[in-house]
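# Structural description and commentary
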Amino acid sequence: MSVRGGALATFLITGTAAFMASLDNLIVTTALPTIRRDLHASLESLEWTVNAYTLSFAILLLGAAILGDRFGRRTVFAAGVALFTVASAAAALSGSAGMLVAARVLQGVGGSVIFPLSLTLVVTAVGERRRGIAIAGLSGMSGLAIALGPWVGGMIVQLGDWHWVFWLNVPIGVLLLPLALARLAESHGPYARLDVRGTLLVTGGLLGVVYGLVRSSALGWGDPQVVGSLTAGAVLLAATAAWERRAPHPVLPPHLFRRRGFTLSNAVALLVQGGMFGAVFLLTQYLQNVLAYSPVQAGLRTLPWTAMPLLVAPLAGVFGERLGVRRLMITGCALQAASLGWLAVVAEPGVSYLLLLPAMVVAGAGMGLFFALSARQTLDFASPSEEGLASGVNNALRQVGVVLGVAVLAEVFAVRGGYATAASFTSGLRAALWGGASMVAAATLCAALVPSAPPRERPAEPGPAPVREVSA
């Protein structure tokens, strides 16, 4: 293998880029209270600070690998790194909530390119024999970033200010861009057709639903803007379903969703991500606004939750075959639902952290099982030629779950509480936590209904579109 495209160089470049983009999933949450005070941001603006990134990331993730296949994977990956870097600088320079949200949209676009093409570039560089190690390595880099995100964000905010949460990405991106162009091998794939109409329809539909949910807290459910947005979103999602049934290269292939196991596995992914990350959105603010922890202290106190997956996920991979993927997925979902219920019971304005700690550890253990096995269970219901496409759908729906979870639980919080006092914040938080627990409990039920589908029995039905190598 030549120096350009060498396996180690490729892994270091793409792994660092994946780490950088993953860090932005949770590093921002610790900075939300400071952003709210500095920019005089409303709850709605804070929601969009999170949702703008995850929504653009989720939707464009499905088509990013196809753009790489058509225009060159190294070229498109480098463009994604460049866009993410520029968008990070724009976020750091933001003087208003609107500018910050716009910059977060562009960050999501860049991240949606970085994730799938990182995997494709590494797998191409290392070859078939080391494919599993490469995938595990990239997953580990992303997992480490998620684990460290709240603590790093808290440290940055306390020692500097929230702008440095975004400035941190800029030197990394500036270093990675020339290295990517110089050291990565260019490659193309066989898939040059992007389902533009399907992508636009599903983007518009999700945007309408999320916008309606977010605006409802300020305007009320009967407001014409809310009703119109939710209605338009529902109509566009229905149009998406109709179009995808006849699209030559559908972005959401209907033939996969006709398999009960595939549909239920993705329902589990969407509900778990929604319940857990919607809760994290509020809990990180609770630690600072109500329990009066500093940003660094709040970040450290979330580590038992965010770091547990690093310990549990490798064990889940080892014991998945022995104990059964389905059984471990049910266990993981049940642990997360129970932990949110526990937090809802004990949450009070002056609660001791020691009462919160067991729930955080249990939540982290359940999340580790989920992270390790979610995509694996989904792929049990796809043929080998459909694995890339199935993985892309699963990752996109997980990100959609984050968007919907933050929107729904923030609405519950706004209805039952608010930022006025510690008591009102806690009242809204408890209601939102019960909502999150209900979502994850529904995921547990879906996981129990997933049929057994060993890899050797995977359906071989060919789909209208062959494999796309898309994964986060």
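Residues numbered from 1 in each chain as written. Predicted model: local features only at pLDDT ≥ 70, side-chain atom pairs only at ≥ 80, totals over all residues. Heavy atoms only, no water.

### Considerations on the overall build of the chain
Going by this rule: Numbering of helices and strands runs from the N terminus, with a helix taken as a DSSP run of H or I at least four residues long and a strand as a DSSP run of E at least two residues long. Each residue gets one of three labels from its accessible area relative to the maximum for its type: buried under 20%, exposed over 50%, partly exposed in between, using a 1.4 Å probe on protein chains only. In this description, accessible areas are obtained by the Shrake-Rupley approach with a 1.4 Å probe, and a residue is regarded as covered only by the protein chains that are shown.
Secondary structure assignment for the chain yields 16 helices and 0 strands. Here the chain holds 472 residues, and the buried ones make up 57% of them. Of the roughly 17900 Å² of accessible surface on the chain, a fraction of 69% belongs to carbon and sulfur atoms.

### Section: helix H7 (residues 169-183)
A turn of α-helix holds 3.6 residues, and therefore any two residues three or four places apart point the same way. Counted only if it meets this: In this scheme, a helix's expected span is set at 1.5 Å multiplied by one less than its residue total. By definition, residues are in contact when any of their heavy atoms lie within 4.5 Å.
Helix length check: H7 (15 residues) gives 21 Å between terminal C-alpha atoms against 21 Å at 1.5 Å per residue, within 8%. Three or more residues of H7 are buried, namely Asn169, Val170, Gly173, Leu176 and Ala180. Next to the buried residues of H7 lie helix H1 (7-39), helix H3 (73-92), helix H4 (97-126) and helix H6 (163-167).

### Quick look at unusual backbone geometry
Among all residues except glycine, the phi angle is most often negative; among peptide bonds, the trans geometry is most common. Despite not being glycine, His40 has its phi angle at roughly 50 degrees, a positive value. For Ala292, which is not glycine, the phi torsion reads 65 degrees and is therefore positive. As for its placement among the helices and strands, Ala292 is situated in the loop between helix H11 (260-289) and helix H12 (295-323). A relative accessible area of 63% places Ala292 in the exposed class.

### Digging into helix H14 (residues 353-379)
Where we set the bar: Bend is the name given here to the angle between axes fitted to two runs of seven residues, the run ending at a residue and the run starting at it.
The end-to-end C-alpha distance of H14 is 39 Å, a good match for the 39 Å that 27 residues give at a rise of 1.5 Å each. Bending of H14 peaks at approximately 40 degrees at the position of Leu373.

### A look at the packing of aromatic side chains
Selection criterion: Pairs were defined over the aromatic rings of Phe, Tyr and Trp, the Trp ring being its six-membered one, requiring ring centres within 6.5 Å. Orientation was assigned from the angle between planes: stacked under 30 degrees, edge-to-face over 60, tilted for the rest. The rule is short: NZ of Lys or CZ of Arg within 6 Å of the ring centre and within 35 degrees of the ring normal puts a charge over the ring.
Applying the stated criterion across every chain yields a total of 7 aromatic pairs. With a centroid separation of 6.3 Å and an interplanar angle of 85 degrees, the aromatic rings of Trp162 and Phe166 are classed as edge-to-face. With respect to burial, Trp162 and Phe166 carry one shared label: buried. Residues Phe257 and Phe262 carry aromatic rings whose centres are separated by 5.2 Å and whose planes lie at 80 degrees to one another, so their mutual orientation is edge-to-face. Given the relative accessible area of 0%, Phe262 is considered buried. Among the aromatic residues, those joined into a cluster by ring pairs are Phe413, Tyr419 and Phe425. Across the ring face of Trp243, the terminal group of Arg197 is positioned such that the distance to the ring centre comes to 4.3 Å. Cation over ring: Arg301 sits above Tyr353, and NZ or CZ is 5.4 Å from the ring centre.

### Points about the environment of Val28
Secondary-structure assignment places Val28 in helix H1. When its relative accessible area of 1% is taken as the criterion, Val28 is described as buried.

### Thoughts on the nonpolar core
Using the following cut-off: Nonpolar cores were defined as sets of buried Ala, Val, Leu, Ile, Met, Phe, Trp, Tyr and Cys residues, with membership established by side-chain atoms within 4.5 Å.
Counting residues in hydrophobic clusters, the biggest one holds 110 residues, and the most contacted among them are Val268, Phe281, Tyr286, Trp305, Leu340 and Leu356. Listed in part, the 21 residues of the second largest apolar core include Ala21, Val81, Leu117 and Leu184.

### What to know about the confidence of the model for the chain
The line we're drawing: The predictor attaches a confidence to each residue, and that confidence, scored 0 to 100, is pLDDT.
Residues with a pLDDT of 70 or more make up 88% of the chain, whose mean pLDDT is 82. The secondary-structure element of the chain with the lowest mean pLDDT is helix H5 (residues 131-159), recorded at 72, while helix H16 (residues 422-449) shows the highest, at 94. The model gives residues 454-472 a pLDDT under 50, and that stretch makes 60 contacts with residues more than four places away or in other chains.

### Here we look at the environment of Asp161
Just so we agree on the cut-off: Counting of polar contacts relies on pairs of N or O atoms within 3.5 Å, with two restrictions inside protein: one atom must be capable of donating a hydrogen and the other of accepting it, and residues adjacent in sequence are counted only when both atoms are side-chain atoms.
Here Asp161 lies in the loop between H5 and H6. The spatial distance from the C-alpha of Asp161 to the C-alpha of Ala92 is 10.0 Å, given a sequence separation of 69 residues. At 2.9 Å, the side chain of Asp161 forms a polar contact with the backbone nitrogen of His163.

### Overview of the packing of helix H13 (residues 325-346) against H14
Rules: An axis is simply a line fitted to the C-alpha atoms; with a helix, the fit covers only the stretch in contact. Between two such axes, the angle follows the N-to-C directions and lies from 0 to 180 degrees. An angle below 35 degrees is read as roughly parallel, one above 145 as roughly antiparallel, one from 65 to 115 as roughly perpendicular, and any other as oblique. Take the far helix as the reference: if the near one is turned anticlockwise from it by less than a right angle, the crossing is left-handed, and if turned clockwise, right-handed. When residues are grouped by polarity, Ala, Val, Leu, Ile, Met, Phe, Trp, Tyr, Cys and Pro land in nonpolar, Asp, Glu, Lys and Arg in charged, and all others, Gly among them, in polar.
The geometry of H13 relative to H14 is characterised by a closest axis approach of 8 Å and an angle of 150 degrees between their N-to-C directions. On the basis of their axis angle, the class for H13 and H14 is roughly antiparallel. Classified by chirality, the crossing of H14 by H13 is left-handed. Its residues assigned to classes, the contact of H13 with H14 comprises 16 nonpolar, 7 polar and 2 charged.

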